[in-house]
Amino acid sequence: MKPNQQAAGAEDIVIVGAGLAGLATALGLHRKGVRSLVLESAPALRASGFAFTTWKNAFRALDALGVGDKIRKQHLQLQALRVISSSTGETVQEQDLTVQGKRLDYVDPSDAVGFRSVTDTIITLRRGPHEIRCVRRDLLLQALAEELPADTIRYSSKIVSIEEEGSVLIGCDGINSVVARWLGLAKPSHSGRSAARGLAHYPDGHGFEPRFLQFIGHGFRAGMLPCNENDIYWFFTWTPSDNDKGVDESAATMKQFVLSKLRDSNVPAEALTVIEKSEMSDVLAAPLRFRSPLSLITANISKGNACVAGDALHPMTPDLGQGGCSALEDGVTLARCLGEAVLGGGAKGAGTENQRIETGLREYAGIRRWRSVELITTAYVIGVVQQSHDAVLSFLRDRFLSGVLARRLLKMADYDCGKLSS
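Quick caveat, the model's predicted, so the values are computed rather than measured.

Draft legend 1. Just a nonpolar patch on the surface, in detail. Together, Tyr380, Val381 and Val384 give the surface a local cluster of nonpolar side chains, amounting to about 230 Å² of exposed area. Turning to its location among the elements, Val381 is positioned in helix H10 (residues 353–387). Owing to a relative accessible area of 44%, Val381 belongs among the partly exposed residues under this scheme.

See the structure below:
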């Protein structure tokens, strides 16, 4: 971390959780000259999940925060997306991620809550080239933390109570968020699916092409993609049955379960090799949960001087690869809205500081509400369709829907959260 060069008053803005959303928000505020305090319950930065697919929208956010190029230097840019049917072994969709596509303008639905005029909500999507990298969480968290003043993160700390008056409180405390519960957000629901994730390390280089491989159907959804020249990240989602009891008792049993499922399908040998290469300590499994998108339409994303971001706001299934990306979007958007409210410049300078902060948080909530609803809904639908073992749906997916789903995945990633200044 950098030496502290900002004025006192960090505890006026308290961020709960030093994950992607929390550190992105803190760094965004720091860039605007506003201090904050990040409370992290763990004794050090945590990087659960190994890595995540970092799409174009995430790099726009990282560029706004000033760390995009640092992350680019540490990770490979993927050149292609290939979707393979696990039932037939056929490639059902292949997308060149380097091709420049068409420009598309659309109206941001956040205008529906009245925070901006229609002329301010025209968003431009420039399809392709689609910058996609598989980013290691530990490296990204470290990059964000290194840009913060040395005393910004307070480890082994957590909130014990929440009061209506006092510091600005930003809940970036994950899917089991205390702040989200205080705001009255709906409890995340179980999707009925689970996921295993792993990381294969090749000290002498893996030699795999820089492409994103997906395997769909046959009752599961899997994929793998290289992070750099030495690491390959993989994932596997499925719907557990009574026959699967005990498979998640240890990393060893989980790994063998995944291998058995892939061996019973038409999956290329290179996929098996990657999973076999993974160390026991590099395999994790967890049930997939999401927050009902309908509940978010009217939910209190902010109330007074409190709000939520990241998984505390929009836990979703991983089928879009947008959980971490949207957390970075949240961080930039929240830092912009809150920072300008605190600084009181321009048109947002009217009213007391508390009034400006409440207005700024409501503006953030309005912007992120509809984006969150769309991401959660799209991820859920894509996961159900891609993983399905139903004969009719599998036929339609492999013959007709794979291209639609792939294009939808890319479209959701072609989003710009904006800069730190309006």
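After presenting the structure, the write-up continues.
Draft legend 2. Quick look at the pattern of salt bridges. Within this structure, the stated rule accounts for 21 salt bridges. Among the salt bridges present, the one from Arg136 reaches Asp138, with a minimum N-O distance of 2.7 Å. The exposure class assigned to Asp138 is partly exposed, which follows from its relative accessible area of 31%. Among the ionic pairs, Glu329 bridges to Arg371, the shortest N-O distance being 2.8 Å. In this pair, Glu329 is assigned in helix H9 (residues 323–343) and Arg371 in helix H10, connecting sequence segments 42 residues apart. A relative accessible area of 6% places Arg371 in the buried class. Among the charged side chains, a network of salt bridges with common partners joins Asp63, Asp69, Arg72, Glu131 and Arg133.

Draft legend 3. Structural detail: the nonpolar core. Within the largest apolar cluster, 99 residues are counted, with the highest numbers of intra-cluster contacts made by Leu140, Ile170, Tyr233, Val308 and Leu338. In this structure, Ala200, Leu213, Leu259 and Ala271 belong to the second largest nonpolar core, which totals 24 residues.

Draft legend 4. Seen up close, the packing of helix H2 (residues 56–65) against H9. Running from N to C, H2 and H9 point in directions that differ by 35°, and their axes come no closer than 8 Å. The two elements H2 and H9 meet at a crossing, and its hand is left-handed. Touching Asn57, Ala58, Ala61, Leu62, Ala64 and Leu65 of H2 are Cys325, Leu328, Glu329 and Val332, all from H9.

Draft legend 5. Structural context of the pairing of strand S14 (residues 231–238). Of all eight residues in S14, eight are buried, a share of seventy percent or more. With burial as the criterion, each face of S14 is covered, one bearing Asp231, Tyr233, Phe235 and Thr237 and the other bearing Ile232, Trp234, Phe236 and Trp238. Sheet topology note: the strand S11 (residues 189–201)/S14 ladder contains eight bridges and is antiparallel. Residue pairing across strands places Ala195 opposite Thr237, the latter belonging to S14. Inspection of the sheet shows strand S13 (residues 220–226) paired to S14 by seven bridges, in the antiparallel sense. Bridged to Pro226 within S14 is Ile232. Counted between consecutive antiparallel strands, the loop separating S13 from S14 contains four residues.

Draft legend 6. The side chain of Asn228, seen in detail. Relative to the elements of secondary structure, Asn228 occurs in the loop between S13 and S14. Accessibility expressed as a relative area gives 14% for Asn228, which makes it buried. Here the side chain of Asn228 touches Asn230 through a polar contact of 2.8 Å, landing on its backbone nitrogen. Within the structure, the side chain of Asn228 is placed 2.7 Å from the backbone nitrogen of Asp231, a separation counted as a polar contact.

Draft legend 7. Molecular detail of the packing of aromatic side chains. Within the structure shown, the criterion is met by eight aromatic pairs. Ring geometry for Phe212 versus Phe235: centroids 6.4 Å apart, planes at 80°, classification edge-to-face. In this pair, Phe212 sits in strand S12 (residues 211–217) while Phe235 sits in strand S14, placing the two residues 23 residues apart along the sequence. The pair formed by Phe212 and Phe235 is uniform in burial state, with each residue classed as buried. Each ring, one from Phe290 and one from Tyr380, has its centre 5.0 Å from the other, and the planes form 45°; the classification is tilted. Here Phe290 is found in strand S15 (residues 283–290), whereas its partner Tyr380 is found in helix H10, with 90 residues between them in sequence. Put simply, the rings of Phe220, Phe236, Trp238 and Phe257 touch in pairs and so form one group of aromatic residues. Stacked on the ring of Tyr202, the Lys or Arg Lys277 has its end atom at 5.4 Å from the ring centre.

Draft legend 8. Quick look at the side chain of Lys32. Turning to its location among the elements, Lys32 is positioned in the loop between helix H1 (20–31) and strand S2 (37–39). For the buried Lys32, no salt bridge exists, and the shortest N-O distance to an oppositely charged side chain is 4.0 Å, to Glu340. Ignoring anything within four residues of it in the chain, the contact list for Lys32 reads Ala335, Arg336, Gly339, Glu340, Leu343, Leu420 and Ser421.

Draft legend 9. Spotlight on the environment of Arg82. Inspection of the secondary structure puts Arg82 in strand S4 (residues 80–85). Separated by 130 residues in the primary sequence, Arg82 and Phe212 place their C-alpha atoms 6.2 Å from one another. Residues within four places of Arg82 in sequence aside, it is in contact with Thr91, Gln93, Glu94, Arg211, Phe212, Leu213 and Gln214. Separated by 3.0 Å, the side chains of Arg82 and Glu94 make a polar contact.

Cut-offs and rules
- Residues numbered from 1 in each chain as written.
- Predicted model: local features only at pLDDT ≥ 70, side-chain atom pairs only at ≥ 80, totals over all residues.
- Heavy atoms only, no water.
- Patch = residues over 30% accessible without salt bridge, like charges linked within 9 Å, V, L, I, M, F, W, Y side chains within 5 Å.
- Areas by Shrake-Rupley, 256 points an atom, 1.4 Å probe, with all protein chains shown as cover.
- Salt bridge = Lys/Arg side-chain N within 4 Å of Asp/Glu carboxyl O.
- Helix = DSSP H or I, 4+ residues; strand = E, 2+ residues; numbered from the N terminus.
- Buried < 20%, exposed > 50% of the residue type's maximum accessible area, 1.4 Å probe, protein only.
- Core = buried A, V, L, I, M, F, W, Y, C linked by side-chain atoms within 4.5 Å.
- Axes fitted to C-alpha atoms, helices over the stretch in contact; angles between N-to-C directions.
- Left-handed = near helix turned anticlockwise from the far one by under 90°.
- Contact = heavy atoms within 4.5 Å.
- Pairing = 2+ DSSP bridges.
- Polar contact = N/O pair within 3.5 Å; in protein donor to acceptor, adjacent residues only side chain to side chain.
- Phe/Tyr/Trp six-rings, centres within 6.5 Å; stacked < 30°, edge-to-face > 60°.
- Lys NZ or Arg CZ within 6 Å of the ring centre and 35° of its normal.
- Lys, Arg positive; Asp, Glu negative; His and termini not counted.

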